[in-house]
Amino acid sequence: MNCEDEFPMKSHGSLIRTIAAGCLSAVLLIGCVEQSDDTIVVGLSADITTFEPGMISSRDNSNIARHIFSSLFALGPEGEHIPELAHTLDVTEDGTGYIYTLNEGLTCHDGESLTAEDVAYTFNRIADPVNRFTGNAPGFVFTSIGFQNAEALDELRVQINIERKNPIAFGLITEINVHCKDSYEQMSLDEAATSPIGSGPYKLASWTRGSEVVLEKVREPANFERIVWRIIPEASTRTAELIAGNADIITNVVPEQVDAINESGRAEVQIVSGTRRMYLGYNLSEEHATLPGGDAIQDPDVRRALQYAVDVSTICLQLLGVECERATGLVNIQNANPDLTPYSYDPELAERLLDEAGWPRDDEGIRFAIRMQAGQGRYVNDVNVVLAIAQYLEDVGLDIELELMEWASVYTPLLRERSMGPLFFLGTGGGLWSPIYDMTDIAQVGSGTNYTHWSDPRWFDRWPDLVNTDDQDEQRAIINEMLEVFYDDGPWLHMYFQPDFYGVSNRIQWTARRDEYIEIFEATLR
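Definitions and cut-offs
- Residues numbered from 1 in each chain as written.
- Predicted model: local features only at pLDDT ≥ 70, side-chain atom pairs only at ≥ 80, totals over all residues.
- Heavy atoms only, no water.
- Helix = DSSP H or I, 4+ residues; strand = E, 2+ residues; numbered from the N terminus.
- Buried < 20%, exposed > 50% of the residue type's maximum accessible area, 1.4 Å probe, protein only.
- Contact = heavy atoms within 4.5 Å.
- Core = buried A, V, L, I, M, F, W, Y, C linked by side-chain atoms within 4.5 Å.
- Pairing = 2+ DSSP bridges.
- Axes fitted to C-alpha atoms, helices over the stretch in contact; angles between N-to-C directions.
- Phe/Tyr/Trp six-rings, centres within 6.5 Å; stacked < 30°, edge-to-face > 60°.
- Lys NZ or Arg CZ within 6 Å of the ring centre and 35° of its normal.
- Polar contact = N/O pair within 3.5 Å; in protein donor to acceptor, adjacent residues only side chain to side chain.
- Disulfide = S-S within 2.5 Å.

Student: If you had to explain the environment of Tyr308 to someone new, which residues and values would you point to?
Tutor: Mapped onto the fold, Tyr308 is located in the loop between helix H11 (300-307) and helix H12 (312-320). Given the relative accessible area of 16%, Tyr308 is considered buried. Put simply, Tyr308 and Leu353 are 45 residues apart on the chain and 9.5 Å apart in space, counted from C-alpha to C-alpha. Look past the residues within four positions of Tyr308 in its chain and what remains in contact with it is Tyr343, Ser344, Tyr345, Asp346, Pro347, Leu349, Ala350 and Leu353.

Student: Can you explain the nonpolar core? Please cite residues and give values.
Tutor: Ranked by size, the top nonpolar core spans 162 residues in total, and within it Leu393, Tyr496 and Ile520 carry the most contacts. In terms of residue count, the dominant contributor to this core is helix H14 (residues 382-395) (nine residues). Among residues more than four places away in sequence, those in contact with Tyr496 are Arg276, Arg277, Met278, Val312, Ile315, Cys316, Leu320, Cys324, Ala327, Val385 and Phe425.

Student: How would you sum up the sheet that holds strand S4 (residues 86-91)? Please name residues and give values.
Tutor: Strands sit in the order S4-S5-S7-S6 across an open sheet of four strands; the sheet is antiparallel. What marks the edges here is a single partner per strand, and that holds for S4 and strand S6 (147-152). Strand-to-strand twist across the sheet, computed as the mean angle between neighbouring axes with direction ignored, equals 20 degrees. Alignment of strand S5 (residues 97-102) against strand S7 (residues 157-162), held across five bridges, turns out to be antiparallel. Bridging across to S7, Thr101 finds its partner in Arg157. Sheet strands in contact with helix H3 (residues 116-127) are S5, S6 and S7, and its direction is about 155 degrees off that of S6.

Student: I'd like a description of unusual backbone geometry, backed by residues and values.
Tutor: Residue Pro221 follows Glu220 across a cis peptide bond; omega there is 0 degrees. When you line up the elements, Pro221 lands in the loop between strand S9 (212-217) and strand S10 (226-231). Cis geometry marks the peptide bond from Gly421 to Pro422; its omega dihedral reads 15 degrees. Even without being a glycine, Asn252 presents a positive backbone phi close to 50 degrees. Take Asn252: it is sitting in the loop between strand S11 (249-250) and helix H9 (258-262). A positive phi angle, near 55 degrees, is found at Arg418, a position not held by glycine. Take Arg418: it is sitting in the loop between helix H15 (407-417) and strand S15 (423-428).

Student: I'd like a rundown of the sheet that holds S11, residues and numbers included.
Tutor: Overall, mixed pairing links the ten strands, which are arranged S8-S9-S10-S1-S11-S16-S12-S15-S13-S14 in an open sheet. Each having just a single partner strand, strand S8 (202-208) and strand S14 (398-406) make up the two edges of the open sheet. Pairing geometry for S8 and S9, over six bridges, is antiparallel. Bridge pairing in S9 links Lys203 to Glu216. Contacts from H15 reach strand S13 (368-376), S14 and S15 within the one sheet, and its direction differs from that of S14 by about 120 degrees.

Student: Account for the packing of aromatic side chains, naming residues and giving values.
Tutor: Evaluation of the coordinates by the stated rule reveals 24 aromatic pairs. Ring geometry for Tyr279 and Phe424: centres 6.0 Å apart, planes at 75 degrees, overall edge-to-face. Taken together, the residues span a long stretch of sequence, with Tyr279 in strand S12 (residues 267-282) and Phe424 in strand S15 at a distance of 145 residues. When sorted by exposure, Tyr279 lands in the same class as Phe424, which is buried. Taken together, the ring pairs connect Tyr279, Phe424, Trp454, Trp459, Phe460, Trp463, Phe486 and Trp492 into an aromatic cluster. In this structure, Arg59 packs its charged tip against the face of Tyr517, placed 4.3 Å from the ring centre.

Student: Tell me about the side chain of Arg66, and name the residues and values.
Tutor: Considering the arrangement of structural elements, one finds Arg66 in helix H2 (residues 59-68). Among the polar contacts made by the side chain of Arg66, one reaches the side chain of Glu84 at a distance of 2.7 Å. Contact partners of Arg66, with chain neighbours within four places excluded, come to Ser71, Ala74, Glu84, Glu519 and Phe521.

Student: Tell me what's going on with helix H4 (residues 136-145), and back it up with residues and numbers.
Tutor: For H4, the tally of buried residues reaches eight of ten residues, placing the bulk of the element in the interior. Taken as a whole, H4 has its buried residues at Ala137, Pro138, Gly139, Phe140, Val141, Phe142, Ser144 and Ile145. Along its buried surface, H4 packs onto H3, S6, S7, helix H5 (169-173) and helix H16 (435-439). Taken from the residues just after H4, Gly146 is the one with a positive phi, measuring 65 degrees.

Student: How would you explain the state of the cysteines if you had to name every residue and give the values?
Tutor: The final tally for this structure, using the stated rule, is two disulfides. Cys108 shares a disulfide with Cys180; S-S distance 2.1 Å. Since a negative S-S torsion denotes a left-handed disulfide, the Cys108-Cys180 link at about -100 degrees is left-handed. Here Cys108, found in the loop between S5 and H3, pairs with Cys180, found in the loop between H5 and helix H6 (181-186); they are 72 residues apart in sequence, far enough to count as distant.

Right under this line is the structure:
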């Protein structure tokens, strides 16, 4: 591992306690200010990359875009289907046609009327292979529902056609940002990425890369005239800006700074049990199988052995400041297979299983070398979590070549290409409203969110049965069967569901959601 100087590891009893908290002194340097009553400021930990609806792939990016673009329907925190641009959804008898009826009088930010033609254009443009979009919309939503095409039936009715019946298509379609045909037909792809013409309550006023995004109100619902999204990668600086009054909401508060915020008299920390699945992924592509260590992780026996090598409970307690139940797969705990028990921390068993799998230690104590890649600044205390995982893996004989990368400009492009690894650290957004939604990350071998290239037929061959049955008991049995395969031989080293720490100024009223959606529409001054 290359990062000992950044993170000096001690015995595992005092694992990872070496993070400095300099936020209070930083407050003295920054100074306190009063925000304008018509402006709210949100401090994000990671930069964004684009406003192209077909390329957006991170939650921070989509949170900002959510205020610029509207959807046909939205999903509430518990999976409620909430009308937005459309007021009615009808599904054809065979389950492959979704017919939305739009509200009257809708307009785009360019002043043009927003009609069914714009909606159909949005879907077809995102799917157009000429554009080569690789974001969440084409890579996750469209591959998951088998999107075929969209057509305007009349001025207010649009039909979305999908390849096959899908029990969660209505929820997936809510993730598509509707944009406006007249303007986008006149823009290049580069212009579309930087100058969005949306359908939502706010429009883009300015974007300074690596610094801030400013949105201005154009319609309701919006309680503030202006939203400023500031990019503040350093955790202690985010905390200092919140306490100083320069930010109203900050993301990814690190646990050791919670007390400083709560005792400041100016803000409090909201801690929610999040739905983001954190894992160490194995890139099983043919290309990565030729890299050092890539051949070893092709073997499910090796992947299973490594499940026992990492002490997830200690990582949660010492780095996240909370107790957390280790995940058994990619489905949030309340929807998981109840018969599966989280893997225990048992390094002796990990070593024995690695020996049995044909990877004994050599004369220097090394079983195999392997590269591990991770972005930084995106998740709670992510750098130290990654360093801890690497140390645990080294303890059982792996030689880890660790690469920590800037999130937006370096790691995100690798995600889009599904080319990070062979080992990589990632968290993918989940939901509470359906186990199938969480499983849909890996609905197809070629899904844009199957970052591992996993291809086990025991998983993929069951998808038609899963989505075609109307019997809830049968569906649940298939889900449990698939989750057991994922638990035993899957492509993730299971970690935890990320607890989310938001710092919130006392001057505003806002409640954090469990699904990481940051919606400012309902935020108000106290």
